[in-house]
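Residue-level listing of the chains:
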Amino acid sequence: MNWDETGPDTEELLDERLVDAGADGEDTAVEAALRPKDLDEFVGQEKVREQLDLVLKAARARGATADHVLLSGAPGLGKTTLSMIIAAEMNAPIRITSGPAIQHAGDLAAILSSLQEGEVLFLDEIHRMSRPAEEMLYMAMEDFRVDVIVGKGPGATAIPLELPPFTLVGATTRAGLLPPPLRDRFGFTGHMEFYAPNELERVIHRSAGLLDVAIDVEGAAEIAGRSRGTPRIANRLLRRVRDYAQVKADGRIDREIAVAALRVYEVDARGLDRLDRAVLGALLKLFGGGPVGLSTLAVAVGEERETVEEVAEPFLVREGLLARTPRGRVATPAAWAHLGLVPPQHDGKGQQGLFGA
């Protein structure tokens, strides 16, 4: 794709990006085989693992269902995996649904009324649930009861429906959007952090073993360094490097093979892909590092405003390559260094001199 042309919409672009932390159809199928089955196998998130282990062991010792659990953090960090581990540790079945799928209180009532005692209900993107369903969930979480409304208008009747004790595991990428009454009903809240490179190396070695891929320490380190602190991205890059190694080499992954493969897929040493570099390149080369408005920057790279703001910018800001200011987007010194460019010189008044001098 030429960045001077109009690009695909955001959803199409996300499907194409190796470094997108969201799960596509292939990821969902492969992750099922790579997911750890218990807390001992789970890599990273040491604090959350330790705290959650205490919660689950205490619940088992009491012979009770576990407290409701809220997991927050960026996509791809293991929230779904932890929900399945919670069910496995409690020896309970798990029901999986999502906030966008529950648009009416009746949708939630149907799910809750069919739960078994001790069952784990995993509600992904819980912040996107409809308000009527959210209000029904308050009572269900606290009193294990819901009121089913029969009829309409003045003649409507509320019929209380008792629910068996269950454990709700809510997952959200935007914990700030949850209303306080809902957050307060969770007995345990865990925030998932981005992974350190050494933790991602452990993830990659474990996944390589399950995929029967030979990889050395330097090859794993190279992939880990480009994975944006996210296990899902690390596993996706591992699979693409595996493909390259099988076609171009003897199937074994070392640093040289990893570098060559990720060059083909346009993922650089810091995990930036072509969209990220296009945004930085336009900001630096066309606008002297900014400040420049978001709409202008989006036009310069041939993308929609939302694509630049929601797809490219979060990682660039987190990496310290770009800053959002009231006057517009501004490149940092690290951005100039990463692209190997020299920032323009400024005069003593803070204004760029004539011809950059």
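Bear in mind that the values here come from a model prediction, so they are computed numbers and not experimental data. (Residues numbered from 1 in each chain as written. Predicted model: local features only at pLDDT ≥ 70, side-chain atom pairs only at ≥ 80, totals over all residues. Heavy atoms only, no water.)

## Considerations on the pairing of strand β2 (residues 94–98)
The two faces of the sheet receive side chains in turn, since in a regular strand these alternate between them. Relative to strand β3 (residues 120–124), β2 is paired through five bridges, and the arrangement is parallel. Note that in β3 the partner of Ser98 across the bridge is Asp124. Traced from β2 through helix α5 (residues 105–113) to β3, the parallel crossover comes out right-handed. (Pairing = 2+ DSSP bridges. Helix = DSSP H or I, 4+ residues; strand = E, 2+ residues; numbered from the N terminus. Right-handed = clockwise from strand over helix to strand, strands pointing away.)

## Overview of the nonpolar core
Among the nonpolar cores identified, the biggest contains 49 residues, and Leu82, Ile204, Ile215, Ile223, Val241 and Ile253 are the most heavily contacted of them. Per-element tally for this core: the top contributor is helix α10 (residues 231–248), with seven residues. Excluding anything up to four places from it in sequence, Ile204 contacts Ile215, Ala220, Ile223, Ala224, Ala234 and Leu238. Grouped together as the second largest cluster of nonpolar side chains are 24 residues, Leu112, Leu121, Met129 and Tyr138 included. (Core = buried A, V, L, I, M, F, W, Y, C linked by side-chain atoms within 4.5 Å. Buried < 20%, exposed > 50% of the residue type's maximum accessible area, 1.4 Å probe, protein only. Contact = heavy atoms within 4.5 Å.)

## A closer look at the confidence of the model for the protein
With 87% of its residues at a pLDDT of 70 or more, the protein has an overall mean of 83. The low-confidence segment residues 1–15, where pLDDT is below 50, has 27 contacts with residues more than four positions distant or belonging to other chains. Counting contacts from residues 348–357, a segment whose pLDDT is below 50, to residues more than four positions away or on other chains yields nine contacts. (pLDDT = per-residue confidence, 0-100.)

## Considering the environment of Ala92
Tracing the backbone shows Ala92 in the loop between α4 (79–89) and β2. Accessibility expressed as a relative area gives 18% for Ala92, which makes it buried. Taking the C-alpha atoms as reference, Ala92 lies 9.7 Å from Thr167; in sequence the two are 75 residues apart. Each residue touching Ala92, except ones within four places of it in the same chain, is listed here: Ala87, Gly118, Glu119 and Val120.

## Some points on unusual backbone geometry
Of note in the backbone geometry, Asp212 takes a positive phi value of approximately 60° without being a glycine. Mapped onto the elements of the fold, Asp212 is located in the loop between α8 (197–210) and α9 (217–225). The class for Asp212 is exposed, based on a relative accessible area of 71%. Positive phi, normally seen in glycine, also occurs at Glu266, with a value near 65°. Of note, Glu266 is situated in the loop between α11 (255–264) and α12 (274–286).

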